[in-house]
Amino acid sequence: TPAVADAVRLGEAISSIAERVSPAVVSIRTEAQVRQQAMPFGLGGMEGGDSQVQRGEGSGVLITADGAILTNNHVVDGADEVKVALQDGREFTAKVIGRDPKSDVAVIKIDAKDLPAVPMADSEKAEIGDIVLAIGNPFGIGQTVTTGIVSAKGRGNMGLDYEDFIQTDA
């Protein structure tokens, strides 16, 4: 039937896009030295606290061939060290270039060239009902792909200094 043929073509298109974009999806590991709260000791003083390593993981996407990566702020917030693993197995130390805690967006940079970047799209061309893909590497378990749609455009009233968000359900 035509509906089944359309669904097969859509599935093939999603697979093709995921295969093409996946090399630009990176795994991010972070470490931060966290000083433990000092505990009361006796009547007049505080016993010194110990330092522990706090680890985190997340994913991001290469947006330039020279190593700029878009990720979430919560992935790199407070990190002393940021490591990036590419799909081809190479690993790099990254530097945090910019962060916006309110929108939970961050840009990090690795020192490399000729990387498989995914360019940013023109958000003005997005339409409600467009199919979107979310491709990531959550918790370092490997690549995942999910689909959704553009649910709304022009979202605001979120308490940020800038608004006009595109809402998706992916």
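Position labels on residues start from 1 in each chain and follow its written sequence. Predicted model: local features are reported for residues with pLDDT of at least 70 only, side-chain atom pairs are reported and counted for 80 or more only, and whole-chain, interface and lining totals are derived from all residues. To obtain the side-chain values, all non-hydrogen atoms of the structure were used and water was disregarded.

## Here's the deal with the nonpolar core
Here is a general trend for soluble globular proteins: nonpolar side chains tend to be buried in one another's company.
Right, so step 1: Ile28, Leu62, Ile69, Val84, Leu86, Ile108 and Ile110 are the most contacted members of the largest nonpolar core, which totals 17 residues.
Right, so step 2: Helix and strand definitions follow DSSP, with helices as H or I runs of at least four residues and strands as E runs of at least two, each counted in order from the N terminus. Elements that contribute at least two residues to this core include exactly β1 (25-35), α2 (73-76), β6 (81-85), β7 (91-100) and β8 (105-109).
Right, so step 3: Note on definitions: a residue-residue contact is assigned when non-hydrogen atoms from the two residues lie within 4.5 Å. Contacts of Val84, omitting those with residues within four sequence positions, involve Val26, Ser27, Ile28, Ile69, Arg90, Glu91, Phe92, Ala94, Ile108 and Ile110. Among buried residues, the Ala, Val, Leu, Ile, Met, Phe, Trp, Tyr and Cys ones that are joined through side-chain atoms within 4.5 Å form a nonpolar core. Any residue under 20% of the maximum accessible area for its type is buried, any over 50% is exposed, and the rest in between are partly exposed; the area is computed with a 1.4 Å probe on protein chains only.

## Here's the deal with the sheet that holds β8
Right, so step 1: One closed barrel accounts for six strands, arranged β1-β4-β5-β8-β7-β6; its pairing is antiparallel. Going across the sheet, the axis of each strand differs from the next one's by a mean of 40°, ignoring polarity.
Right, so step 2: Pairing between two strands requires that DSSP report at least two bridges joining them. Where strand β5 (residues 68-71) lies against β8, four bridges are found, and the strand directions are antiparallel. Residue pairing in the sheet places Ile69 in a bridge with Ile108 of β8. An axis is simply a line fitted to the C-alpha atoms; with a helix, the fit covers only the stretch in contact. Between two such axes, the angle follows the N-to-C directions and lies from 0 to 180 degrees.

## A closer look at the pairing of β5
Right, so step 1: Sheet analysis places strand β4 (residues 51-62) next to β5, joined by three bridges and oriented antiparallel. In the strand pairing of β5, Val61 is matched with Leu70.
Right, so step 2: Once β4 ends, the chain turns through five residues before running back antiparallel as β5, passing Gly67 with a positive phi of about 105°.

## Looking at the side chain of Asn137
Right, so step 1: Residue position: Asn137 is located in the loop between β9 (131-136) and β10 (144-155).
Right, so step 2: Ignoring anything within four residues of it in the chain, the contact list for Asn137 reads Val25, Val26, Ser27, Gly58, Ser59, Gly142 and Gln143.

## Re the sheet that holds β9
Right, so step 1: Across the sheet, which stays open at both edges, the three strands sit in the order β9-β10-β11 with antiparallel pairing between neighbours. The open sheet has two edge strands, β9 and β11 (165-168), and neither has a second partner. Averaged over all pairs of adjacent strands, the angle between their axes in this sheet comes to 50°, without regard to strand direction.
Right, so step 2: Taken together, the six bridges between β9 and β10 define a ladder with antiparallel strand orientation. Paired with Val132 across the bridge in β10 is Gly148.

Note that every value here comes from positions in space, so none of it alone points to a role or purpose.
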